[in-house]
Amino acid sequence: MSSTSLPEALAARRYLSWHDLIRARHGGRVQKISVAAGFTCPNRDGSKGRGGCSFCNNQGFIPGYLRETGNDIELQINTGMGFLKRRYPETQRWLAYFQAYSNTYGEIEQLKAAYRQALVHPDISGLVIGTRPDCVPDELLDYLAELAQEYIIELEFGIESTTDAALARVNRGHDFACTTDAIRRAAARGLTVSGHLIFGLPGESRDEMLAGAARLSALPLNSLKLHQLQIVKGTQLANEWRKAPGSIPLLGGHEYLELLADFLELLRPDIAIQRVGSEVPPALRLAPDWSVRLSQLAPLLTETLVKRDSWQGKKWQENA
Ligand code: SF4
């Protein structure tokens with residue numbers, strides 16, 4: 001059912017902020033530390049595909065220290081924590097973030113060993129595990145559900161789009177039905193489930209992006225990360241964009257904010273929002289070149305929703 005008056009939980013930002021929720025739940029900041037266990041990706045090694053998703057260059061979000069610490073997870077945690085403690089001294093809890101590549105893809109004993117290496121660290125309270133929806137076998141989900149009895153465990157799926165044509169266009173190697181199946185199987189085991197979505201993929205119209213709000217609202221998702229498409233050096237999309245920039249229309253900053261506001265109005269109000277955009281390092285980014293910086297996006301989004309007298313879920317229709 002849509003809400004006709006602003007819900008109290010959304011009063012501050014006009015959308016449900018994951019960070020506010022987590023801070024309230026744990027009594028302070030909960031900070032992720034990126035770790036890399038040397039996993040790969042089935043869309044790169046040939047088991048699903050080769051070359052990977054056309055937008056992907058994992059270097060775009062790997063912190064520098066991970067390039068110097070090999071696969072030693074304890075060293076990665078200590079190095080990352082040393083840096084992050086100076087930046088966020090108020091942090092209450094730390095989570096190891098298996099972010100790059102597909103972190104549920106591998107022999108199950110190898111996966112368990114990597115997760116345990118992070119969990120034995122005395123300051124680590126849990127794991128955030130980023131992965132594709134087509135590599136979460138039931139046996140692994142059962143193991144993660146066991147871990148979740150003792151630790152914070154969050155599974156983060158790359159959804160990217162709810163439109164099969166767009167998923168095919170970016171060589172994703174799975175369809176949206178695969179995503180819905182994985183999210184349902186994970187949530188059925190009580191796991192906290194989040195999703196990563198990209199707005200502006202080639203092959204997806206604005207209406208299709210907005211239609212995704214109803215599709216995602218129907219799923220047992222706890223949170224979403226929302227991103228704008230960026231053309232990153234070293235990707236297939238970068239090659240396509242260099243040859244024919246017009247073939248990949250990119251969202252402008254203002255256009256993106258309006259799209260986010262439209263999307264949030266249609267989204268179930270209890271799906272918390274972890275991110276409203278991203279910023280690939282300038283040395284890696286070809287386009288777009290916005291004047292709006294990442295840190296400005298969240299307040300500008302709230303401003304946009306206030307101007308509309310609107311909020312997350314205002315137009316959400318249950319069972320739509
Ligand atoms: S985005 Fe994820 S699934 Fe796609 S190629 Fe990159 S690591 Fe693999």
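Each remark here, short or long, concerns the structure printed above.
Described below are features of the structure shown in this document. (Residues numbered from 1 in each chain as written. Predicted model: local features only at pLDDT ≥ 70, side-chain atom pairs only at ≥ 80, totals over all residues. Heavy atoms only, no water.)

What follows deals with the overall build of the chain. Counting its secondary structure elements, the chain contains ten helices and nine strands. Computed over its C-alpha atoms, the radius of gyration of the chain comes to 19 Å, within 12% of the 20 Å expected for a compact globule of 320 residues. Going through the 320 residues of the chain one by one, you find that 53% of them count as buried. When contacts within the chain are restricted to residue pairs at least 6 apart in sequence, long-range pairs at least 24 apart make up 82% of them. Total accessible area computed for the chain in this model is approximately 14200 Å², and 50% of it derives from carbon and sulfur atoms. The averaged location of the 36 negative side-chain charges in the chain is 4 Å from the averaged location of its 36 positive side-chain charges. (Helix = DSSP H or I, 4+ residues; strand = E, 2+ residues; numbered from the N terminus. Rg over C-alpha atoms; globule rule 2.2 N^0.38 Å. Buried < 20%, exposed > 50% of the residue type's maximum accessible area, 1.4 Å probe, protein only. Contact = heavy atoms within 4.5 Å. Areas by Shrake-Rupley, 256 points an atom, 1.4 Å probe, with all protein chains shown as cover. Lys, Arg positive; Asp, Glu negative; His and termini not counted. Charge placed at Lys NZ, Arg CZ, Asp CG, Glu CD.)

Quick look at the sheet that holds strand β3 (residues 124-131) now. In spatial order, the strands read β1-β2-β3-β4-β5-β6-β8; together these seven strands make up an open sheet with parallel pairing. Two strands lie at the open edges of the sheet, namely β1 (29-35) and β8 (272-275), each paired on one side alone. This sheet shows a mean twist of 30° between the axes of neighbouring strands, independent of strand direction. Bridging between strand β2 (residues 91-98) and β3 involves five bridges; their strand directions are parallel. Bridging across to β3, Ala96 finds its partner in Leu127. (Pairing = 2+ DSSP bridges. Axes fitted to C-alpha atoms, helices over the stretch in contact; angles between N-to-C directions.)

The next thing to look at is the state of the cysteines. Summed over the entire model, instances satisfying the criterion amount to zero disulfides. Considering cysteine sulfurs only, Cys41 is the nearest to Cys135, which forms no disulfide, with 7.2 Å between them. Here Cys135 falls in the buried class, since its relative accessible area comes to 7%. (Disulfide = S-S within 2.5 Å.)

As a structural note, the neighbourhood of the ligand is formed by Cys41, Arg44, Gly52, Cys53, Phe55, Cys56, Asn58, Tyr101, Arg132 and Arg172. By residue class, the composition of the shell around the ligand is five nonpolar, two polar and three charged. (Near = heavy atom within 4 Å. Nonpolar A, V, L, I, M, F, W, Y, C, P; charged D, E, K, R; others polar.)

The next point concerns the pairing of strand β6 (residues 223-228). With six of six residues buried, β6 lies mostly within the body of the structure. Residues Ser223, Lys225 and His227 of β6 are buried on one face, and the alternating residues Leu224, Leu226 and Gln228, pointing to the opposite face, are buried as well. Two elements, strand β5 (residues 192-199) and β6, share six bridges in a ladder whose sense is parallel. Of the residues in β6, the one forming a bridge with Ser194 is Ser223. Note on the crossover from β5 through helix α7 (residues 206-217) to β6: the handedness is right-handed. (Right-handed = clockwise from strand over helix to strand, strands pointing away.)

Take empty space enclosed by the protein next. Within this structure, the stated rule accounts for two cavities of 30 Å³ or more. In this structure, the largest cavity spans a volume of roughly 40 Å³. Lining the largest cavity we find Glu160, Ser161, Thr162, Leu197, Ile198, Phe199, Glu204, Glu208, Met209, Gly212, Leu216 and Phe263. When residues of the lining of the largest cavity are traced back to their parent elements, those giving at least two are β5 and α7. Looking at the lining of the largest cavity, the element that brings in the most residues is α7, giving four residues. When the residues that make up the lining of the largest cavity are grouped by side-chain class, the tally is six nonpolar, three polar and three charged. (1 Å grid on protein atoms, 1.4 Å probe; cavity = no way out; pocket = protein on both sides within 12 Å on 5 of 7 lines; lining within 4 Å. Points joined across faces, edges and corners; volume = space filled by probe spheres on them.)

The geometry of helix α9 (residues 253-266) relative to helix α10 (residues 294-307) is characterised by a closest axis approach of 10 Å and an angle of 60° between their N-to-C directions. Handedness of the crossing formed by α9 with α10: right-handed. Here Tyr256, Leu257, Glu258, Leu260, Ala261 and Leu264 of α9 lie close against α10, whose contacting residues are Leu297, Leu300, Leu301, Thr304 and Leu305. (Left-handed = near helix turned anticlockwise from the far one by under 90°.)

Before going further, it helps to examine the packing of aromatic side chains. The geometry of an aromatic ring pair comes down to the distance between the two centres and the angle between the two planes. Inspection of every chain in the model, using the stated rule, returns four aromatic pairs. Counting every residue linked through ring pairs, the aromatic cluster contains Phe199, Tyr256, Phe263 and Trp290. Above the ring of Tyr143, the side-chain terminus of Lys112 is found at 4.8 Å from the ring centroid. Stacked on the ring of Trp311, the Lys or Arg Lys314 has its end atom at 4.8 Å from the ring centre. (Phe/Tyr/Trp six-rings, centres within 6.5 Å; stacked < 30°, edge-to-face > 60°. Lys NZ or Arg CZ within 6 Å of the ring centre and 35° of its normal.)

Below, the discussion takes up the side chain of Ser223. Locating Ser223 in the fold gives a position in strand β6. The class of Ser223 is buried, set by a relative accessible area of 1%. Residue contacts for Ser223: discarding those within four places in its chain leaves Trp18, Glu154, Val193, Ser194, Gly195, Ile271, Ala272 and Gln274.

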